[in-house]
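Structural features, examined
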Amino acid sequence: MPGRQLGPVTDEDRAEILRLHGEGLSRNEIMRRVDRSARVVTETVHNAGLGFERSGQVQVATEARRIDLEARRVDLAHQLHEDAERLRAQLWEPATVYAFGGKDNEYNDHELPEPPPADKKALLGAAGMAIDRSLKLVPPKTGAGADEALSMLGALAAGIARYAEEDTGEEG
């Protein structure tokens, strides 16, 4: 590489390369510090019976990262389930509907004992989406009865969707 030292590798160069290797520096960092090529650094380290293998450290770090991400996925799935529960609870709570209208674009609102059908449909859709995403993050454990439970949940969701369509006269 241009800018790298040319010529024979001195004992001082070798000693510095091995010292830096002993400090745990990477091959690229050693190259920068001693101004020698990757080949020189690698050969010096290998001739000393050493290497740049960090597979054990990498495996441990990779496993720790995987465990951390799994915990975060489980936490996010839990939060999505809580979101779905809060959305579903709104189906039966009093709601305020409002509109702007008239020639003066006046604001009007009305209190209802529960949301209108179109709003219920939107709430159910959002709750269903939150549950779906949570199940994709952390799929249910399969086992005895798991398929039947999933089938029942699917049938329940389809029935709720049909009810919402019939109640609003809309499809989709």
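Placed above this text is the structure.
Rules used in this analysis
- Along each chain, numbering runs from 1 in the same order as the chain's sequence is written.
- Reporting in this predicted model follows two pLDDT cut-offs: at least 70 for local features of residues, and 80 or more for side-chain atom pairs to be given and counted; totals over whole chains, interfaces and linings ignore these cut-offs and use all residues.
- Here the side-chain values reflect all heavy atoms present in the structure, with hydrogen atoms and water set aside.
- Here a helix means four or more residues in a row that DSSP labels H or I, a strand means two or more in a row labelled E, and each is numbered from the N terminus.
- Under the convention used here, a 1.4 Å probe and the Shrake-Rupley method define accessible areas, while residue burial counts only the protein chains that appear.
- The buried label goes to any residue with under 20% of its type's maximum accessible area, the exposed label to any with over 50%, and the partly exposed label to all in between, with areas taken from a 1.4 Å probe on protein chains only.
- In what follows, a contact means two residues having at least one pair of non-hydrogen atoms within 4.5 Å.
- Here, the term nonpolar core denotes a set of buried Ala, Val, Leu, Ile, Met, Phe, Trp, Tyr and Cys residues that are joined through side-chain atoms within 4.5 Å.
- Pairing of aromatic rings covers Phe, Tyr and Trp, the last through its six-membered ring, and needs centres within 6.5 Å; plane angles under 30 degrees mean stacked, over 60 mean edge-to-face, and all others mean tilted.

Of the regular secondary structure elements, the protein chain holds six helices and two strands. Counted from the first residue to the last, the protein chain has its helices and strands arranged as α-α-α-α-β-β-α-α. Approximately 12,700 Å² of the protein chain is accessible, and the part contributed by carbon and sulfur atoms is 56%.

Listed as buried for helix α3 (residues 38–47) are Val40, Val41, Thr42, Thr44 and Val45. Against α1 (11–22) and α2 (27–34) lie the buried residues of α3. One or two residues past the end of α3 sits glycine 49, with phi positive at roughly 80 degrees.

What follows covers the nonpolar core. Core analysis: the largest hydrophobic core is formed by nine residues, namely Ile17, Leu20, Leu25, Ile30, Met31, Val34, Val40, Val41 and Val45. Elements with a minimum of two residues in this core: α1, α2 and α3. When neighbours within four sequence positions are excluded, valine 41 is seen to be in contact with Ile17, Arg27, Ile30, Met31, Val34, Arg36 and Phe52.

Aromatic ring pairs are reported here in terms of the distance separating the ring centres and the angle at which the planes meet. A full pass over the atoms with the stated rule returns two aromatic pairs. Between phenylalanine 100 and tyrosine 107, the aromatic rings sit 5.3 Å apart at their centres with planes inclined by 55 degrees, giving tilted as the arrangement. In this structure tyrosine 107 comes out as partly exposed when scored by relative accessible area, which is 43%. Through a chain of ring-to-ring contacts, the aromatic side chains of Tyr98, Phe100 and Tyr107 assemble into a single cluster.

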